[in-house]
Amino acid sequence: MRKVRLEDIFEFIRNGAQIKQFDGAGIPITRIETISNLKIDTNRLGYADIFNDDYQEYYLQNGDLLMSHINSPAHLGKTAIVEQLNKKIIHGMNLLCLRANHQVIPKYIFYYFQTQPFKNALTKIMKKSVNQASISVSDLKKIEITISSYSEQSNRVAILEQLDYQISLRQQQLQTLAHLVKSRFYEQFGDLSTNPYGFPIVYLSEIAEYYNGLTYKPEMVVEDGSGTIVLRSSNIQDSKLDFNDIVRVNIQAKEKNIVRKNDILMCSRNGSERLVGKTAIINTTEKMYFGAFMMLIRSKYFEFLQQYFQTEHFRSTVRQGATTTINQITVKMMDKVKVPLPPLTLQNQFADFVAGVDKSQLAGQMVLKLWRKLLKFSIIKLSFYEK
């Protein structure tokens, strides 16, 4: 057991290549959302039409750690590890890359970065601004941690990886259930782009109301647990509400900015096209608002519309008259949407199926939560051991 500075156990800690990204092709480039779930998500990479090896020095390697050093305070220090890399990926700006030397196992440090003592150390060097926080490379290098022998690191990694594996299995089961809903939607209603069952066509505005979200100032945000939750894009994960990252404000909003049970919450504006249009159904009666980059859709056909908004038919409709990239969905765009509307009896059958799947998902989520608690407990034990 010995104390070391981070600069002693990493070959380098550095920011990425400054490359302006767009919806191009070539060698992919990391961005902040690449590590949003503590893993390298290859579906969340940027491009800049780079096909040569000009940025070879920034190519990622297996074992590299990517850390968010400019983000909201809650997400500052979020880290993912590069594993099973089988293609070239360029390390882009706004994520730090930490490449371990021979003294430590990268996966061990990845888990250690999730401990409370390390998070506390980050808080001490955090620099806050109005909407985000940051940490400097020079301050990060000076953080001291206690590490065990290489063999002990290996033993602890093996235990934590097994827990991670069990969590991954449960996540895959939940994804399978989500695919069942999509499959049943197409089975019952067909491809709505061609409307094979000849359902009557209606404007979305005839069957739904929709509103833009609440604009609020930074000084209205409260951090003492009081106030009212404002739902944002980060509160939609895998088409479900997620409350791991919440903001509360001390403000009285208009009635139209207050969500109701069975409303559909949609991300209507985002820098990433992939996130624009993602939705979740409000499944609680708690008083909550929704933010400026969100839209609320209210309709008695909410189960059907929730799935419809995920179809290519909807995306192609709102894309008409715009560029090939969708970075926002406006009320005017929604007004132009024409929806093939199945009979309510058929929609109710679909809703009953969804309700059954939801029960299975809830049971799966409870098991997943238990495994995550076990992993968190094991990481807490790791932090106590390394004091």
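**Q** Where do I start with the sheet that holds strand 4 (residues 70–71) in this structure?
**A** Each strand in a sheet pairs with its neighbour through backbone hydrogen bonds, running either in the same direction (parallel) or in the opposite one (antiparallel). Read from one edge to the other, the open sheet built from three strands follows the order 4-8-7, with strand pairing classed as antiparallel. Looking at which strands have only one partner, the edges of the open sheet turn out to be strand 4 and strand 7 (127–128). Where strand 7 meets strand 8 (residues 133–134), two bridges bridge the pair, whose relative direction is antiparallel. Of the residues in strand 8, the one forming a bridge with Lys127 is Ser134.

**Q** Is there a simple way to explain helix 5 (residues 150–189) in this structure?
**A** Since there are 3.6 residues in each turn of an α-helix, residues three or four apart along the chain are aligned in direction. Between its terminal C-alpha atoms helix 5 stretches 57 Å, which fits the 58 Å expected from 40 residues at 1.5 Å a residue. In the stretch just after helix 5, Gly190 is the one whose phi turns positive, near 75°.

**Q** What is the right way to look at unusual backbone geometry in this model?
**A** Trans is the common state for peptide bonds, and a negative phi is the common state for residues other than glycine. Residue Asp238 is not a glycine yet carries a positive backbone phi of 55°. If you check the backbone angles, Ser239 has positive phi at about 65° while not being a glycine. Note that Ser239 resides in the loop between strand 14 (236–237) and strand 15 (240–241).

**Q** Just to check I follow, could you spell out the sheet that holds strand 11 (residues 209–212) for this structure?
**A** Reading across from one edge, 11-20-17-18 is the order of the four strands in this open sheet, with antiparallel pairing throughout. Lying at the two open borders of the sheet, with one neighbouring strand each, are strand 11 and strand 18 (279–281). Between one strand axis and the next, the sheet turns by 20° as a mean value, whatever way the strands run. Sheet analysis places strand 17 (residues 264–267) next to strand 18, joined by three bridges and oriented antiparallel. Bridge pairing links Ile264 to Ile281 in strand 18.

**Q** What's the story with the packing of aromatic side chains in this structure? I'm lost.
**A** What characterises a pair of aromatic rings is the spacing of the ring centres plus the angle enclosed by the ring planes. Tallied over the full model, the rule gives 16 aromatic pairs. With 6.5 Å between their ring centres and 35° between their planes, Phe10 and Phe113 make a pair best called tilted. With a gap of 103 residues between them, Phe10 in strand 2 (residues 10–14) and Phe113 in the loop between helix 2 (106–112) and helix 3 (116–125) connect regions that are remote in the sequence. Each member of the pair, Phe10 together with Phe113, is buried. One cation-aromatic arrangement involves Arg14 over Phe12; the distance from NZ or CZ to the ring centre is 4.1 Å. Over the face of the ring belonging to Phe353 we find Arg184, whose NZ or CZ atom lies 4.0 Å from the ring centre.

Reading the values: the criteria
Along each chain, residue indices are assigned from 1 in the same order as the chain's sequence is written. Under the rules for a predicted model, residues below a pLDDT of 70 receive no local features and side-chain atom pairs below 80 are neither given nor counted, while totals for whole chains, interfaces and linings still include all residues. Each side-chain value is derived from all of the structure's non-hydrogen atoms; neither hydrogens nor water enter the calculation. Between any two strands, pairing holds if DSSP finds at least two bridges. A helix here means a DSSP run of H or I that spans at least four residues, while a strand means a run of E at least two residues long, and both kinds are numbered starting from the N terminus. The length a helix should cover is 1.5 Å for every residue beyond the first. Under this scheme, a helix contributes an axis fitted over its contacting stretch, all axes are lines through C-alpha atoms, and angles between N-to-C directions fall in the 0 to 180 degree range. Here a Phe, Tyr or Trp ring, Trp counted by its six-membered ring, pairs with any other such ring whose centre lies within 6.5 Å, and the pair is stacked when the planes are under 30 degrees apart, edge-to-face when over 60, and tilted otherwise. Each residue is assigned to one of three classes by its accessible area relative to the maximum for its type, calculated with a 1.4 Å probe on protein chains only: buried under 20%, partly exposed between the two thresholds, exposed over 50%. In this analysis the charged atom, NZ for Lys or CZ for Arg, is taken to sit over a ring once it is within 6 Å of the ring centre and within 35 degrees of the ring normal.

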